[in-house]
Amino acid sequence: GESVGLHLPTLSVQEGDNSIINCAYSNSASDYFIWYKQESGKGPQFIIDIRSNMDKRQGQRVTVLLNKTVKHLSLQIAATQPGDSAVYFCAERTGGSYIPTFGRGTSLIVHP
Amino acid sequence: NAGVTQTPKFRVLKTGQSMTLLCAQDMNHEYMYWYRQDPGMGLRLIHYSVGEGTTAKGEVPDGYNVSRLKKQNFLLGLESAAPSQTSVYFCASSPLEPEGRYEQYFGPGTRLTVT
């Protein structure tokens, strides 16, 4: 079946570096994508979203890039801080569905 | 505004016991969901509800039942717990899509161990 997956299960970076977390999806009908952050012991929290009619969207220190040709999206975090250490999930949704499909998650570890 | 709350936070059950997990949201959201999260795995949808009095099966519904008698509450029941149901359970809610944004609000989770 269709699925959303992540390339790297763990990413280690130094404080101050930029981080890039990747996500591949296989459902060509997916039209909406969301990134969530899950800190240890907490529920996931919305970070940023992007629709399929866009290829880039920026938030505070975060940027999401969408490449529909290769069915790939990425989350870029600028000037990574220790507080960014968490598991990051991408999720995708197809039009008309209320139910997103979550990827497995990438653990981001920020070293001071 | 408490958001999404879950009760209890932790629970240990013996195989065959039953229990109910309670989820409450005070944001007047239409949609509510129950997920389970296992180590190294993403979130898997158990059941969901698109409104008061309605429920539907998700990806992994076997062994669970749900009810949504009130809009603000979504209950998840385990009739006869099994060790395979040891997991962290998350409840979430979402509104109809204001301004085209689809966002789920998650509770803090319930850690369930079945021995």
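Preceding this paragraph is the structure being described.
Report on the accompanying structure. Here, residues in each chain are numbered from 1, in the same order as that chain's written sequence. Labels are handed out in written order, letters beginning with A for the chains and numbers beginning with 1 for the ligands. Reporting of local features is limited, given that this is a predicted model, to residues whose pLDDT is at least 70; pairs of side-chain atoms are given and counted only at 80 or more, and all residues count toward the totals for whole chains, interfaces and linings. Hydrogen atoms and water are omitted, and side-chain values are computed over all heavy atoms in the structure.

1. Considering the pairing of strand 8 (residues 72–77) of chain A
In regular strands, side chains alternate between the two faces of the sheet. All names here are of chain A. Note that strand 3 (residues 19–25) and strand 8 share 6 bridges and pair antiparallel. The partner of A24 across the bridge, within strand 8, is H72. Across 6 bridges, strand 7 (residues 62–67) lies against strand 8 in antiparallel orientation. Each residue of the ladder has a partner; that of V62, found in strand 8, is I77. Note: two strands are recorded as paired if DSSP finds a minimum of 2 bridges between them. We count a stretch as a helix when DSSP gives it H or I for four or more residues in a row; a strand needs E for two or more, and each element gets its number in order from the N terminus.

2. Looking at the interface of chain B and chain A
Counting from both sides, the interface comprises 21 residues of chain B and, opposite them, 19 residues of chain A. Buried area between chain B and chain A, summed over both chains or domains, comes out near 1,600 Å², and the portion from carbon and sulfur atoms is 58%. N or O atoms closer than or at 3.5 Å make up a polar contact, with two conditions inside protein: a donor-capable atom paired with an acceptor-capable one, and, for residues adjacent in sequence, both atoms drawn from side chains. The interface formed by chain B and chain A holds 2 residue pairs in polar contact (both at pLDDT 80 or more) in total. Counting only elements with at least two residues in the side of chain B that touches chain A, the list comes to strand 4 (31–37) and strand 5 (43–49) of chain B. Side-chain classes are defined by residue name, with Ala, Val, Leu, Ile, Met, Phe, Trp, Tyr, Cys and Pro counting as nonpolar, Asp, Glu, Lys and Arg as charged, and the others, Gly among them, as polar. Each residue belonging to the side of chain B that touches chain A can be placed in one class, and the counts come to 12 nonpolar, 6 polar and 3 charged. In what follows, residue pairs with any heavy atoms lying within 4.5 Å of each other are defined as contacts. By buried area we mean the combined loss of accessible area, with a 1.4 Å probe, across both parts when two parts are placed together.

3. A look at unusual backbone geometry
With the exception of glycine, the majority of residues adopt a negative phi angle, and the majority of peptide bonds are in the trans configuration. Each neighbour pair has its own omega, and for T7(B) with P8(B) the value is -5 degrees, a cis peptide bond. Considering the arrangement of structural elements, one finds P8(B) in the loop between strand 1 (4–7) and strand 2 (10–13). For R61(A), which is not glycine, the phi torsion reads 65 degrees and is therefore positive. In this fold, R61(A) is placed in the loop between strand 6 (56–58) and strand 7. Residue exposure (1.4 Å probe, protein chains only): buried if accessible area is under 20% of the type maximum, exposed if over 50%, otherwise partly exposed. Exposure remark for R61(A): the relative accessible area of 30% places this residue in the partly exposed category. Although it is not a glycine, A79(A) adopts a positive phi angle of roughly 45 degrees. Position of A79(A) among the secondary structure elements: in the loop between strand 8 and strand 9 (86–94). Owing to a relative accessible area of 37%, A79(A) belongs among the partly exposed residues under this scheme.

4. Comments concerning the sheet that holds strand 7 (residues 64–67) of chain B
Residue and element names in this part refer to chain B. The strand order across the open sheet built from 4 strands is 1-3-8-7, with neighbouring strands paired in antiparallel fashion. What marks the edges here is a single partner per strand, and that holds for strand 1 and strand 7. This sheet shows a mean twist of 20 degrees between the axes of neighbouring strands, independent of strand direction. Simply put, an axis is a line fit to the C-alpha atoms, just over the touching stretch for a helix, and the angle between two N-to-C directions goes from 0 to 180 degrees.

5. Quick look at the state of the cysteines
When the sulfur atoms of two cysteines come within 2.5 Å, that pair is taken as a disulfide. Tallied over the entire structure, the rule returns 2 disulfides over all chains. For C23(A), the disulfide goes to C90(A), at an S-S distance of 1.8 Å. Linking C23(A) and C90(A), the disulfide has an S-S dihedral of approximately 50 degrees and is accordingly described as right-handed. One end of the pair, C23(A), is in strand 3; the other, C90(A), is in strand 9, and 67 residues separate them in sequence. Classification of C23(A) by relative accessible area gives buried; the value is 0%. Between the sulfur atoms of C23(B) and its disulfide mate C91(B) the distance is 1.9 Å. One quick way to see it: the torsion about the S-S bond of C23(B) and C91(B) is about -75 degrees, and its sign makes the bridge left-handed.

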